[in-house]
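Listed here are the chains, written in short residue letters.
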Amino acid sequence: MKKSPFIFELKYFFHFFSRLSTNMLKNIAPKRFLFSLFLISIFIGITLVNLTEANKLFLGIQEQLSNSLGWLIILAANAILIFVIYLAFSKHKNLILGGPDAKPEFSNINWIAMLFSAGLGIGLLFYGVAEPIMHLSSDVIHKDGAVFSDKANLSMNLTYLHWGFHGWAIYGVVGLCFAYFAFNKNLPFRVSSFFSGAFTQKVWGRVSLDIIAIIATIFGIATSLGLGANQINSGLVYLGVLEALPSDGELSLNTVGIIIFITMLGLISVVLGLQAGIKRLSQLNMVLCGFMLMIIFFAGPTSFIVDGLLQNVGSYIQNLLALSTNTQAYMDSSWQNAWTLFFYSWWFAWSPFVGLFIARISYGRTIQEFLIGVVVTPAILVFVWMGVFGNAALHQELLEPNSLSTAINNDITISLFVFLEQFPFSPILMGLSIVIILTFFVTSSDSGALVTSMLTAANNEHAQEEPPMILRVVWAISLGIIAVVLLAGGGLGALQTAVIVTGVPFAILIFFACKSLLKSLNQ
C-alpha cells in the first residue's frame, strides 16, 4: 500500500524535531540549568502564595542581613578596590588575556560602549537626579545647621561613592577572573573555574558555585528591570500617554505590560546575538546618552555645573577613605542600609553577569589595559553624568527650595521627569529619556540572558562561541517573570532585598576568587 505524502512529511517533521531537541538538550548543563530554575521557581511560588506576607518577609530579611553583615559588604568593596590597584601595576600588568598573539575583538569605542551599557543599565537614569536630591533633603546624614553648599557637596560625594571606583573594581576583578581562566587557562566560562580546591572541583561543588552566580545574576538584573519598568510607566503617565491604572503596591497593569514588551525586545536582541544585537544597541545607548547629556549641560546652568563637577570630584577623592569606611556605627543605620549597602550589594549581585560579559568582549587586552578600561574609564563617565544631572538638579533646588525634593520623596520614579519639566522642549526631552531607559532595559535583559545561558551551557569551553538558543530564550523570559513577581511581592523593598540576599554570598566568593587568581598568576 502506498504511503500518504502527508504521513511521510509528518514523520519527517517529527524526526527533524526530535533530532533538533536532542542536540539542544546536549548543549545544556542539566544540573546547573534545572537546579537554578528549581530554586527560582520556589521563590516565585512562595512569593505568589501570599503577597502580603512576602513584603514583610522581604523587609525583615533585608534589615537582618544589613544590620548583621553590613560591615562585611563595606570591607569587601574596599579590599577589592585595593587589590585591583595593586594588580594593575604589578608584574602581571602586561599579561595578555588570550595569550601573546591574541588581538582585541572590538575597537576601543565599541568596547567602552558595551562596558557602559551592560555595567550601568537603567540605574543611571533612575538615580541620576533622584539620589543627590534625596541625600540633600535627608536629615540623617547632615550636621545640624549645615548650609546648602555643604549639604550639596556631601550629597554629590555620596552619589559618587555609590557609583564610582568601588563598584567598577568589583566588576573588574570578577571580569578578570572570567577572562584569565577562560582565555589563558582554557577552562569553561564559569565561576567554578576560578577555584582549584578538592570540594570546588567535585561535581556538586562546581554546580553549587555556579548556581550562586546564576541566582545573583538573575535577581540583580530583575531588580534593574523592575526599577526601569516603574520609571517608564511613571514617565508615560506623566506625559499623558498612559492612564494611571490601579496598582497593588508598586505593580500595575501598565508596569506588567511594559515588562512584557521589553522582555520581547530583549528576546529578539539576544536571539540576534552579540554582534548584531547587543553591540548595536550599546552603540545606540552611547549616542542617545551623549546627546541628552549635552542638552542638559548647555541648556542648564552650565557654569554652575562645571564649578560643581570640579569641586565634587576633588572632594570625593580627598574624602574617599572616610566615605568608603563609614559604617554609621554610632547612629541609626537605616540610611546606610537603604543606600550604601544596597548599592554595594547591587554591584556584587551584578558582578557575575557584568564580569562575564566584560570578559567575553575583552579578549586580546592586557591586564593593565583591562583594569584601567573597566574601572577608571566608566567611573569617569559616571562622574560626568552624575555631575551634570546632579548639579543641574541641585541648582533647581537652590533656586526653588523643595521644588524637586518634595516630588521625589513622594515618588522617586518621577524624579527625572519633574526635573526635565524645567527645560525647553521638555516633552521631547522626556520622550528621549524614555527611549534611553528602554534601550538600557533591553541591553540589560539581553546581556543578562546571554551571560546566564553561558553559565548554564554544557559546552562553553570556547568562550567566544554563542551559547545555545534555547537557553537564551528561557533566561530572557525568566528575567521578565521575576521582575513582575518581585514588584508584586513588595515593590522597591523586594527588589532591594533580592539584591542584598544574592549579593552577600557572592561578595564572600569574590574574596576567595582574588586569592585563586593571584596564586595562578604567580605560578
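Higher on the page you've got the structure.
Here we summarise the structure given alongside this text.

Thresholds applied
- Residues numbered from 1 in each chain as written.
- Predicted model: local features only at pLDDT ≥ 70, side-chain atom pairs only at ≥ 80, totals over all residues.
- Heavy atoms only, no water.
- Helix = DSSP H or I, 4+ residues; strand = E, 2+ residues; numbered from the N terminus.
- Contact = heavy atoms within 4.5 Å.
- Areas by Shrake-Rupley, 256 points an atom, 1.4 Å probe, with all protein chains shown as cover.
- Salt bridge = Lys/Arg side-chain N within 4 Å of Asp/Glu carboxyl O.
- Buried < 20%, exposed > 50% of the residue type's maximum accessible area, 1.4 Å probe, protein only.
- Axes fitted to C-alpha atoms, helices over the stretch in contact; angles between N-to-C directions.
- Parallel < 35°, antiparallel > 145°, perpendicular 65-115°, else oblique.
- Left-handed = near helix turned anticlockwise from the far one by under 90°.
- Expected span 1.5 Å × (residues − 1).
- Bend = angle between axes of the 7 residues up to and from the residue.
- Arc of directions from axis to C-beta.
- Patch = residues over 30% accessible without salt bridge, like charges linked within 9 Å, V, L, I, M, F, W, Y side chains within 5 Å.
- Phe/Tyr/Trp six-rings, centres within 6.5 Å; stacked < 30°, edge-to-face > 60°.
- Core = buried A, V, L, I, M, F, W, Y, C linked by side-chain atoms within 4.5 Å.
- Nonpolar A, V, L, I, M, F, W, Y, C, P; charged D, E, K, R; others polar.
- Disulfide = S-S within 2.5 Å.
- Polar contact = N/O pair within 3.5 Å; in protein donor to acceptor, adjacent residues only side chain to side chain.

1. A look at the overall build of the protein
Alright, step 1. Along its length, the protein carries 20 helices and two strands.
Alright, step 2. Residue pairs in contact within the protein that sit at least 24 positions apart in sequence constitute 84% of those at least 6 positions apart.
Alright, step 3. With an accessible surface of roughly 21,600 Å², the protein has 67% of that area assigned to carbon and sulfur atoms.

2. What to know about the pattern of salt bridges
Alright, step 1. Enumeration according to the criterion identifies three salt bridges in this entry.
Alright, step 2. Residue D210 is joined to R32 by a salt bridge in which the shortest nitrogen-to-oxygen separation is 2.7 Å. Of the two residues, D210 is situated in helix α9 (residues 203-239) and R32 in helix α2 (residues 30-49); the sequence distance between them amounts to 178 residues. In this pair, the class of D210 matches that of R32, namely buried.
Alright, step 3. Between R365 and E369 there is a salt bridge whose closest N-O contact spans 2.8 Å.
Alright, step 4. When its relative accessible area of 1% is taken as the criterion, R365 is described as buried.

3. A word on the packing of helix α18 (residues 426-455) against helix α19 (residues 469-488)
Alright, step 1. Across the interface, α18 lies against α19 with an axial gap of 8 Å and an inter-helix angle of 130°. As summarised for this structure, α18 and α19 are arranged oblique, according to the angle between their axes. In the packing of α18 onto α19, the handedness of the crossing is right-handed. Contacts between α18 and α19 involve S445, G448, A449, L450, T452 and S453 from the former and L471, R472, W475, A476 and L479 from the latter.

4. Some points on helix α15 (residues 367-399)
Alright, step 1. Along its 33 residues, α15 runs 47 Å from first to last C-alpha, staying within 8% of the 48 Å computed at 1.5 Å per residue.
Alright, step 2. In α15, a bend of some 30° at G373 exceeds every other bend along the element.

5. Let's talk about α2
Alright, step 1. The end-to-end C-alpha distance of α2 is 28 Å, a good match for the 28 Å that 20 residues give at a rise of 1.5 Å each.
Alright, step 2. Of all the residues in α2, the buried ones are R32, F33, S36, I40, F43, I44 and T47. Down the axis of α2, the buried set is contained in an arc of 105°. They therefore lie on one face. Opposite its buried face, α2 presents the exposed residues P30, L34, I46 and V49, each directed more than 90 degrees away.

6. Observations concerning a nonpolar patch on the surface
Alright, step 1. A cluster of nonpolar side chains, namely I85, F89, I372, V376, I380 and V384, defines an oily patch on the protein surface of about 500 Å² accessible area.
Alright, step 2. Per-element tally for the nonpolar patch: the top contributor is α15, with four residues.
Alright, step 3. Tracing the sequence through the fold places F89 in the loop between α3 (51-88) and α4 (108-120).
Alright, step 4. The exposure class of F89 is exposed, given its relative accessible area of 59%.

7. As for the side chain of S315
Alright, step 1. Locating S315 in the fold gives a position in helix α11 (residues 302-318).
Alright, step 2. With relative accessibility at 10%, the residue S315 sits in the buried group.
Alright, step 3. Each residue touching S315, except ones within four places of it in the same chain, is listed here: N153 and N157.

8. What about the packing of aromatic side chains?
Alright, step 1. Overall, the coordinates contain 34 aromatic pairs when judged by the stated rule.
Alright, step 2. Seen in terms of ring centroids, Y127 and W163 are 6.1 Å apart; in terms of plane orientation they differ by 50°. Their pairing is tilted. Remark: W163 occurs in helix α7 (residues 148-163) and Y127 occurs in helix α5 (residues 123-127); sequence separation between them is 36 residues.
Alright, step 3. In this structure Y127 comes out as buried when scored by relative accessible area, which is 2%.

9. Comments concerning the nonpolar core
As a rule of thumb, nonpolar side chains are buried together in soluble globular proteins.
Alright, step 1. Ranked by internal contacts, the top residues of the largest apolar core, which has 169 residues, are Y127, F178, F389, F419, I510 and L517.
Alright, step 2. If we skip the residues at most four places from it in the chain, Y127 touches P132, W163, L227, W339, F342, F343, W346, M386 and I412.

10. So, unusual backbone geometry
Alright, step 1. With a phi close to 50°, Q328 is a non-glycine residue in the positive phi region.
Alright, step 2. As for its placement among the helices and strands, Q328 is situated in the loop between α12 (320-324) and α13 (334-338).
Alright, step 3. The phi torsion at F425 lies on the positive side, around 55°, for a residue other than glycine.
Alright, step 4. Here F425 is to be found in the loop between α17 (415-420) and α18.
Alright, step 5. By relative accessible area, which is 65% here, F425 ends up exposed.

11. Quick look at the packing of α11 against α15
Alright, step 1. It is the contact of α11 with α15, at a shortest axis distance of 9 Å, that shows an interaxial angle of 120°. Taken together, the axes of α11 and α15 lie oblique to each other. Where α11 crosses over α15, the handedness of that crossing is right-handed. Taking contact as the criterion, the partners of F304, I305, G308, L309, N312, V313 and Y316 in α11 are, on α15, F383, V384, G387, V388, N391, A392, H395 and L398.
Alright, step 2. A class-by-class count of the residues in the contact of α11 with α15 yields ten nonpolar, five polar and no charged.

12. Remarks on the state of the cysteines
Alright, step 1. Considering all chains together, one arrives at zero disulfides under this definition.
Alright, step 2. With no disulfide of its own, C514 lies 5.9 Å from the sulfur of C177, the closest cysteine sulfur.

13. Some thoughts on the environment of F417
Alright, step 1. Take F417: it is sitting in helix α17.
Alright, step 2. Remark: the alpha-carbon pair of F417 and L236, spanning 181 residues in sequence, is separated by 9.7 Å.
Alright, step 3. Sequence-distant contacts of F417, defined by excluding residues within four places in its chain, comprise Q231, S234, G235, Y238, M430, S433 and I434.

14. Focus on the environment of L429
Alright, step 1. With respect to the helices, strands and loops of the structure, L429 is situated in helix α18.
Alright, step 2. The class for L429 is buried, based on a relative accessible area of 5%.
Alright, step 3. Linking L429 and F417, residues twelve residues apart in sequence, is a C-alpha distance of 8.8 Å.
Alright, step 4. Ignoring anything within four residues of it in the chain, the contact list for L429 reads M292, I295, L420, F423 and P424.

15. Focus: the environment of S415
Alright, step 1. Mapped onto the elements, S415 comes out in helix α17.
Alright, step 2. Using a relative accessible area of 0% as the deciding quantity, one classes S415 as buried.
Alright, step 3. Taking the C-alpha atoms as reference, S415 lies 5.5 Å from A130; in sequence the two are 285 residues apart.
Alright, step 4. For S415, the contacting residues outside a window of four places in its chain are F126, V129, A130, L404 and I408.
Alright, step 5. Here the side chain of S415 touches I412 through a polar contact of 3.0 Å, landing on its backbone oxygen.

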